[in-house]
Amino acid sequence: MMRFEIVRSPAVRPLLALFGATAQRSFVDVDQDHVRIRFGPFDETVPRSEILEAYRARWTLLAGIGWRLVSDGVGLIGTTKDVVALHLRTRRKVKLFPVVFSLSAEKLYVSVDRPDDLIAALATPPPTV
C-alpha cells in the first residue's frame, strides 16, 4: 500500500483540525484494488477500477480550502498547490459529512504531498492475481 498525505497549509491546519482533519486523518491510500481517501470526517473507499484517470488540477484560493463542493464533485483541499483530480468512471454517491448529507460526484480533488507519484500509481494497472 502507498500512502499520500493530504497537505494542509500551516495557516489553516488549526481550523481543519477542529473539524477532524489532523495529520493522522488526512491521507490517500492506494492499494492494488482500492483507493481510500480520508480527510477528517470524509472517509471514502473507491475501487481502483472506478478511477478513469488522475491528473493535476488547478485550484484557486477563490475555490476555497477544506471540504468544498464544486460543480463536478468534491474538493478535499488543505492547500491550493499540488491538487490532483480523480476522475471517476461513473458518478458516485459520496458522504461529504456523514451525519449531514451525501452527494453525487464525478471527480474528487485532493491536495497531496507527492502528486506525480499518486498520478503514476493510479496510471499503473493493478496487478492481476
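Before any of the text, the structure's been laid out above.
Residues numbered from 1 in each chain as written. Predicted model: local features only at pLDDT ≥ 70, side-chain atom pairs only at ≥ 80, totals over all residues. Heavy atoms only, no water.

Section: the overall build of the protein
- Scanning the protein for helices and strands turns up two helices and nine strands.
- When the elements of the protein are put in sequence order from the N terminus, they spell out β-α-β-β-β-β-β-β-β-β-α.
- The globule rule puts the C-alpha radius of gyration for 129 residues at 14 Å, and the 14 Å found for the protein is close to it.
- By principal-axis analysis of the C-alpha atoms, the protein measures approximately 45 × 30 × 25 Å.
- Put simply, the protein has 129 residues, and 43% of those count as buried.
- Restricting the contact set of the protein to residue pairs at least 6 apart, pairs at least 24 apart contribute 62%.
- Roughly 6,900 Å² of accessible area belongs to the protein as shown, and the carbon and sulfur atoms make up 56% of that amount.
- Counting 18 positive and 14 negative side-chain charges, the protein places the centres of these two groups 6 Å from one another. (Helix = DSSP H or I, 4+ residues; strand = E, 2+ residues; numbered from the N terminus. Rg over C-alpha atoms; globule rule 2.2 N^0.38 Å. Buried < 20%, exposed > 50% of the residue type's maximum accessible area, 1.4 Å probe, protein only. Contact = heavy atoms within 4.5 Å. Areas by Shrake-Rupley, 256 points an atom, 1.4 Å probe, with all protein chains shown as cover. Lys, Arg positive; Asp, Glu negative; His and termini not counted. Charge placed at Lys NZ, Arg CZ, Asp CG, Glu CD.)

Focus: the side chain of Asp72
- Tracing the backbone through its elements, the reader meets Asp72 in the loop between β6 (66–70) and β7 (73–77).
- On the accessibility criterion, Asp72 (17% relative accessible area) is buried.
- There is a polar contact of 2.9 Å between the side chain of Asp72 and the side chain of Tyr109.
- For Asp72, the contacting residues outside a window of four places in its chain are Arg91, Ala105, Glu106, Lys107 and Tyr109. (Polar contact = N/O pair within 3.5 Å; in protein donor to acceptor, adjacent residues only side chain to side chain.)

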